[in-house]
Amino acid sequence: MTTRVDQRDVDVAPAGWELLPLRFHRLDRDSILLTNLVGEHMFVTEDEFLAVVSGSCSDQGLLARLRARHLIQVPGERLPAELLAIKLRTRLRRLPDSTGLHILVLTLRCEHTCRYCQVSRQSTARSEFDMTEATARKALDLAFRSPSPHLKLEFQGGEPLLNFPLLRWIVSEAKTINAEHGKKLAFVIATNLALLDDEIMDFCAAEDIYLSTSIDGPPDLHNSNRRRPGQDSWERTVAGIRRIQDELGPDRVSALMTTTEASLARPREIIDTYVDLGMHDVFLRPISPYGFALRRRAGAGYDVARWLEFYEAGLDYVISLNRQGIPMVENYAAIVAKKIFTNDDPGYVDLTSPAGIGIGALVYNYDGDIYASDEGRMLAEMHDDTFRIGSVDSSYEQIMLSDKLLHPLEQSLTLSAPMCSTCAFEPYCGSDPVYHHATMNDFVGHKAMSGFCERNMGVFSTILRRARDDSFARELFWRWAQR
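What you see is a predicted model, and the numbers here were worked out from it, not measured in a lab.

Draft legend 1. Inspection of the packing of aromatic side chains at higher detail. All chains considered together, the criterion is met by 13 aromatic pairs. Here Phe155 and Phe187 contribute two aromatic rings whose centre-to-centre distance is 6.4 Å and whose plane-to-plane angle is 5 degrees, an arrangement assigned as stacked. Within this pair, whereas Phe155 is found in strand β9 (residues 150–156), its partner Phe187 is found in strand β10 (residues 184–190), the two being separated by 32 residues in sequence. Across the pair, Phe187 and Phe155 agree in class, each one buried. On the numbers, 5.6 Å between centres and 55 degrees between planes, the contact of Phe477 with Trp480 is tilted. Of this pair, Phe477 and Trp480 both sit in helix α18 (residues 471–481), separated by three residues, roughly a single helical turn. Each member of the pair Phe477 and Trp480 is classed as buried. Three or more aromatic residues joined by ring pairs make a cluster, and in this case those are Phe283, Tyr332 and Tyr348.

Draft legend 2. Quick peek at the sheet that holds strand β18 (residues 369–371). Spatially, the nine strands line up as an open sheet ordered β15-β13-β11-β10-β9-β7-β17-β18-β19, and their pairing is mixed. Strands at the two margins of the open sheet, each flanked by one partner only, are β15 (284–286) and β19 (388–391). Across the sheet, the axes of successive neighbouring strands diverge by a mean angle of 25 degrees, strand direction being ignored. Strand direction decides the pairing type here: β10 and strand β11 (residues 210–214), joined by three bridges, are parallel. Bridge assignment links Val188 to a residue of β11, and that residue is Tyr210.

Draft legend 3. Spotlight on the environment of Ala190. With respect to the helices, strands and loops of the structure, Ala190 is situated in strand β10. In this structure, the C-alpha to C-alpha distance between Ala190 and Ile357, residues 167 residues apart in sequence, is 20 Å. The contact partners of Ala190, leaving out residues within four places of it in the chain, are Glu154, Phe155, Gln156, Pro160 and Ser212.

Draft legend 4. How the structure looks around the side chain of Thr107. On the secondary structure map, Thr107 appears in the loop between β7 (101–105) and β8 (113–114). The exposure class of Thr107 is buried, given its relative accessible area of 0%. At 2.9 Å, the side chain of Thr107 forms a polar contact with the backbone nitrogen of Arg109. There is a polar contact of 2.5 Å between the side chain of Thr107 and the side chain of Asp130. Contacts of Thr107, omitting those with residues within four sequence positions, involve Phe129, Asp130, Gln156, Gly157, Gly158, Glu159, Pro160, Leu162, Asn163 and Tyr366.

Draft legend 5. Structural view of the nonpolar core. Residues Phe155 and Tyr364 are the most contacted members of the largest nonpolar core, which totals 118 residues. Looking at this core, the element that brings in the most residues is helix α11 (residues 304–323), giving ten residues. In this structure, Phe155 is in contact with Leu104, Leu106, Pro160, Leu167, Ile170, Val171, Phe187, Val188, Ile189 and Ala190, ignoring residues within four places of it in sequence.

Basis of the calculations
- Within each chain, residues carry numbers counting from 1 in the order of the written sequence.
- Per-residue local features of the predicted model are confined to residues with pLDDT of at least 70, and side-chain atom pairs are confined, for both listing and counting, to 80 or more; whole-chain, interface and lining totals are unaffected and use all residues.
- The basis for every side-chain value is the complete set of heavy atoms in the structure, and neither hydrogens nor water enter the calculation.
- Note on ring pairs: Phe, Tyr and Trp rings are taken, using the six-membered ring of Trp, and paired if centres are within 6.5 Å. Classes follow the plane angle, with under 30 degrees stacked, over 60 edge-to-face and the rest tilted.
- Secondary structure elements follow DSSP: runs of H or I no shorter than four residues count as helices, runs of E no shorter than two count as strands, and numbering proceeds from the N terminus.
- Each residue gets one of three labels from its accessible area relative to the maximum for its type: buried under 20%, exposed over 50%, partly exposed in between, using a 1.4 Å probe on protein chains only.
- We treat two strands as partners when DSSP finds at least two bridges between them.
- Inter-axis angles, ranging from 0 to 180 degrees, are taken between N-to-C directions of lines fitted to C-alpha atoms, where helices are fitted over the stretch in contact.
- Here, residues are in contact when the closest pair of their heavy atoms is within 4.5 Å.
- We call two N or O atoms a polar contact when they sit within 3.5 Å, provided that within protein one can donate a hydrogen and the other can accept it, with sequence-adjacent residues counted only if both atoms are side-chain atoms.
- What is meant by a nonpolar core is a set of buried Ala, Val, Leu, Ile, Met, Phe, Trp, Tyr and Cys residues, joined one to another through side-chain atoms within 4.5 Å.

Scope: geometric values only; no functional claims are made or implied.
Below, the structure is given as structure tokens:
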């Protein structure tokens, strides 16, 4: 059970200290996690916990550690509360910048037929599902209205390289517009790399373009998940990765994997595939309950508990590789580690409060519709336009002040959401109104029944246990958190 305790719930000890707001969570039979408002944490035994909350603790060493973590204070002190306020403000400092990531869906056309594809892909001949230059120009005008000093334009599909002429035009136009705005501009192409050729490589080299692709594991697993004519998706993707590494540099290409039921028994093989490709990070992602992936039932064969078993096995293997001197990072653990072990927030949209929809990313569909998140666009493929917040013909103010955006954002504040506000993991977590709308038809959702909560609480617990029990893992997580 996870519950909030504050000084109103217990008597102040006569020894001269009092509780600051804290939450607790039993990690093991005799290990209880305590966290404060900004995620500073420590572990206590059950006896220590009962002594602390009852006000009867006389262990001066324990009291000193509690005070250092801003879990207790001396009555009349102002500094602990002021430090907590400063740290909380630092964690939320990204909010005024607003939207830094702008995703442009250049086409729905694709020559792959992936088992877990979440959108309604179209054949390569259906050019009516391409974004036009006029639509792209309006999308750019809106993107540059964002107050964020950093602007990342990510090109998605379908397969965005099937609309390469428009992609080339957008990059040129964005740089021209940015000469006036002076933002730090970055470009990413999310592609399966099957269409990579000399022209595209030369363009990426000249324009400093980054590429993101998918590798689901060994050839048989990847080709089974990501089908294309000739069943050579893995071979083409790997050839593309190696070419980019050789010609553009190893940091210019990254890869993601998606966990299907067939992946669950093969975490080591999946991670070894990344090692063999000379890649030093892997992101062990579950399948998402959106769009056409559900209709195809690509992920219906496993639940959160089975994915957590897969994740723990994969994380432990990554840790063991590092013990052997083979550098490898599990990216989700690195994101969580930054939130647990530092006062910085990486801004990962799934783990932000308020939620990252709209203010973390905006999605411009090929037809000009604008969505608060890519997952919101996927829901629209199933005729649910809850997260369609405007179009490229809308003004920036109409989009960002839309009730369809502000209402779910208002309900996504974890500091006030039911069960989130009392959860020991709240400083590390976030809110996902799209997930809860898709699974429970409610922006907040019932947290006790939420797969989002179950998955993240499992990940947080896993990382905290490894850090508590294993000095090597703790140091490794600390290094990841500094990236």
